[in-house]
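Read off the chains here:
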Amino acid sequence: MVNLTPKAIESVMSGDLNLKPVVQVLEIKLIANSKDRYRILVSDGVSTQQALLATQLGDRVRDGILRRGSVVQLIEYICSTVQNRKIIVVLNLEIIITEWEIIGNPKPCPGAESISQKTTDNENVMQSKGVSLNGSSSSVPPPRVRTNSRMNNSNNAPNFGPVVQPSYKPPPSYKSHGAITKNEAPARIIPIAALNPYQGRWAIKARVTAKSEIRRYNNARGDGKVFSFDLLDSDGGEIRATCFNAVVDRFFEVVEVGRVYLISKGSLKPAQKNFNHLKNEWEIFLEATSMVEPSPDEDTSIPQQQFDFRSIDEIQNVENNSIVDVIGIVVSVNPSVTILRKNGLETQRRILNMKDISSRSVELTLWGEFCNREGLELQQMVDSGFSPVLALKAGRVNDFSGKSIGTISSTQLFINPEFPEARRLRDWFDTGGKDASTHSISRDVAPGTKQNEIRKWVSQIKEDGLGRIR
DNA sequence: CCCCCCCC
């Protein structure tokens, strides 16, 4: 016997975010023009309601463990407004039963699809982009499950009055002031993970973890300037924000790495995966009307950085060109050398070695400015007999003669950082790890081809000078 | 609307 949470839909839609109800999934559809975002219909046995699955839950659909008939517990969710309709955005859920017969004879929750009357322009814009969230461009839904069409509901469903920012439950004191108009109420702060282009008003509260320089460009589409910065929120969601031209002037000085901001009124575009390695399929584009305001409180629930450390042992099996975080002890640092790039420009290169508890070591190649900033500092430490901890955020794995790691422009290096992993590594190193035998996953890992052996010799000679070759 | 992620 399965018990769905009574009145779950009603409670969630009226703003109860702590209920964590058990509901049944009646329908799952891929959102039009999306590769991995799903719209689902959930039921409490009496009422049904549309919901969006956060991207990170898509795997469960693709893996087949979340499907039509699944009984799930909604763990983290928010109510949001998409195309003027209230919708649940599910950020996390637990699957109770993968498949169960449809429970009860649930009907669409009344009021959930009410439409405010002044927003048809916005809808047209959404539709002209081919975005469909109401199933109108999808195949006909199965007979058992009624898909709510906007027309049906605006005409027939009971209307609970004008829906104004339904996701925002106004505090009681607002009620005596009459209707809230679109421009008055502050947008609700939502998790970064819930951001998507189909959403109307939103705000996020997030810490800036990285900030680019201003880059000027001149191409077929014209010239201009651009900069971007990366954001992290208290739920661990991350997203990049990008500004162009006049918007650069407006926000470049305002945005500081490490500070927390309230950000709203940007537009969401698909992330450029080639250049943006954050775990988010969207990117925020800030515009002239966007808001980027320092948060009045220093939100300590948002860490300064978020890492996903891989042990060096794991790096061996990581795909070439992957972007990874690594933490290790720097055991050697080579001098900085000047490299002539294929494009004719010169750059600096410095190779160092780091080892970790997996008793593996790896070569890290620092490029450009990293050589004379962190690289020099590391070299001085190692030269003076101290082996520092180095945390590397966003290094790029390459597989020339074994696996090694290189810096890219968005790499960040942290020398002797404070966090627990660093402490753990330090303790390990100081209590025997220093002398533990280490196997390098770089250069001499595989026997390699004759070609590779020769290349290795040549590069070693260039690296160390002839003095060390006997 | 930008952008090469460098070398053997």
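All values derive from a computational prediction rather than experimental measurement. (Residues numbered from 1 in each chain as written. Chains lettered and ligands numbered in written order. Predicted model: local features only at pLDDT ≥ 70, side-chain atom pairs only at ≥ 80, totals over all residues. Heavy atoms only, no water.)

Novice: What exactly am I supposed to notice about the overall build of chain A here?
Specialist: Assigned secondary structure in chain A consists of 11 helices and 22 strands. Within the structure as shown, chain A displays about 24,600 Å² of accessible surface, and the carbon and sulfur contribution to it stands at 51%. (Helix = DSSP H or I, 4+ residues; strand = E, 2+ residues; numbered from the N terminus. Areas by Shrake-Rupley, 256 points an atom, 1.4 Å probe, with all protein chains shown as cover.)

Novice: I would appreciate a short explanation of the protein's contact with DNA strand B in the present structure.
Specialist: Close contacts around DNA strand B come from 22 residues, with Arg 215, Arg 341, Arg 349, Arg 396 and Ser 409 the closest. Contact between DNA strand B and Arg 215: a base oxygen at 2.5 Å from a side-chain N or O atom of the residue. Within the side chain of Tyr 217, one N or O atom sits 3.5 Å away from a base oxygen of DNA strand B. Mapped onto the surface near DNA strand B, the elements with two or more residues apiece are strand E8 (215-219), strand E10 (238-244), strand E13 (282-285) and strand E17 (346-355). (Near = heavy atom within 4 Å. Polar contact = N/O pair within 3.5 Å; in protein donor to acceptor, adjacent residues only side chain to side chain.)

Novice: Got a minute to help me understand the pattern of salt bridges in this structure?
Specialist: Note that side chains of opposite charge can pair when their charged atoms are close. Under the definition given, this model contains 16 salt bridges. Salt-bridge contacts for Glu 298 lead to Arg 207; the nearest nitrogen and oxygen are separated by 2.8 Å. Remark: Arg 207 occurs in strand E7 (residues 203-211) and Glu 298 occurs in the loop between strand E14 (291-294) and helix H7 (312-315); sequence separation between them is 91 residues. The shortest N-O distance in the salt bridge between Lys 393 and Asp 325 comes to 3.5 Å. Placement of the pair is Lys 393 in strand E19 (residues 389-398) and Asp 325 in strand E15 (residues 323-333), with a sequence separation of 68 residues. Comparing Lys 393 with Asp 325, the two get one shared label, buried. Salt bridges sharing common partners tie together Lys 205, Asp 297 and Asp 299. (Salt bridge = Lys/Arg side-chain N within 4 Å of Asp/Glu carboxyl O. Buried < 20%, exposed > 50% of the residue type's maximum accessible area, 1.4 Å probe, protein only.)

Novice: Please explain the pairing of E10 as it appears in this structure.
Specialist: Put simply, side chains in a regular strand alternate between the two faces of the sheet. The element E10 is extensively covered by neighbouring structure, given that 6 of its 7 residues are classed as buried. Where strand E9 (residues 222-232) hands over to E10, the hairpin turn is made up of 5 residues, of which Gly 236 adopts a positive phi near 85°. For E10 and E13, the ladder comprises 3 bridges, and the chain directions are parallel. Residue pairing in the sheet places Ala 241 in a bridge with Ile 284 of E13. (Pairing = 2+ DSSP bridges.)

Novice: Can you walk me through helix H9 (residues 374-383) in this structure?
Specialist: Helical periodicity: at 3.6 residues per turn, an α-helix aligns residues three or four positions apart in one direction. For H9, every residue scored as buried is listed here: Glu 374, Gly 375, Leu 378, Gln 379, Met 381 and Val 382. Looking down the long axis of H9, one finds its buried residues gathered within 165° of arc, a one-sided arrangement. Summarising the contacts, the buried residues of H9 are in contact with E15, E17, strand E18 (360-367), helix H8 (369-372), E19 and strand E21 (412-415). (Arc of directions from axis to C-beta. Contact = heavy atoms within 4.5 Å.)

Novice: Looking at this structure, I do not really get the packing of aromatic side chains. What am I missing?
Specialist: Within a pair of aromatic rings, the relevant descriptors are the distance that separates the centres and the angle that separates the planes. Throughout the structure, instances matching the rule amount to 10 aromatic pairs. For the pair Phe 244 and Phe 285, a centre-to-centre distance of 6.0 Å together with 25° between the ring planes defines the contact as stacked. Here Phe 285 lies in strand E13 and Phe 244 lies in strand E10, a separation of 41 residues in the sequence. Relative accessible area serves as the criterion here: at 18%, Phe 285 is assigned to the buried category. An aromatic cluster of three or more residues is present, and its members are Phe 307, Phe 309, Phe 414 and Phe 419. Over the ring of Phe 307 we find Lys 393, and its NZ or CZ is 5.8 Å from the ring centre. (Phe/Tyr/Trp six-rings, centres within 6.5 Å; stacked < 30°, edge-to-face > 60°. Lys NZ or Arg CZ within 6 Å of the ring centre and 35° of its normal.)

Novice: Would you take a moment to explain the side chain of Ser 47 for this structure?
Specialist: By the element assignment, Ser 47 lies in strand E3 (residues 47-53). Using a relative accessible area of 15% as the deciding quantity, one classes Ser 47 as buried. Once residues within four sequence positions are removed from consideration, Ser 47 is found in contact with Ile 9, Val 42, Pro 106, Lys 107 and Cys 109.

Novice: Where do I start with unusual backbone geometry in this structure?
Specialist: The bulk of non-glycine residues show a negative phi, and the bulk of peptide bonds are trans. A positive phi angle, near 55°, is found at Lys 7, a position not held by glycine. When you line up the elements, Lys 7 lands in the segment before helix H1 (8-13).

Novice: Explanation requested: the environment of Arg 350 in the structure shown.
Specialist: Following the sequence through the fold, Arg 350 ends up in strand E17. Taking relative accessible area as the criterion, Arg 350 reaches 2% and is therefore assigned buried. Residues Arg 350 and Ser 336, spaced 14 residues apart in sequence, show a C-alpha to C-alpha distance of 4.5 Å. Side-chain polar atoms of Arg 350 contact the backbone oxygen of Cys 371, separated by 3.0 Å.

Novice: Just checking my understanding: could you explain the nonpolar core for this structure?
Specialist: The tendency in soluble globular proteins is for nonpolar side chains to be buried side by side. Leu 195, Ile 204, Phe 229, Leu 231, Ile 263, Ile 284 and Leu 286 are the most contacted members of the largest nonpolar core, which has 34 residues in total. When near neighbours in sequence (up to four residues on either side) are disregarded, Ile 284 contacts Leu 195, Trp 202, Ile 204, Ile 239, Arg 240, Ala 241, Thr 242, Gly 266, Ser 267 and Leu 268. Judged by nonpolar contacts, the second largest core, of 24 residues, contains Val 324, Val 326, Val 397 and Leu 413. (Core = buried A, V, L, I, M, F, W, Y, C linked by side-chain atoms within 4.5 Å.)

Novice: Which parts of the structure should I look at to understand the side chain of Lys 355?
Specialist: Counting through the fold element by element, Lys 355 comes out in strand E17. Asp 435 is the oppositely charged side chain nearest to the buried, salt-bridge-free Lys 355, at an N-O distance of 7.2 Å. Within polar-contact distance, the side chain of Lys 355 engages the side chain of Thr 438 at 2.8 Å. (Lys, Arg positive; Asp, Glu negative; His and termini not counted.)

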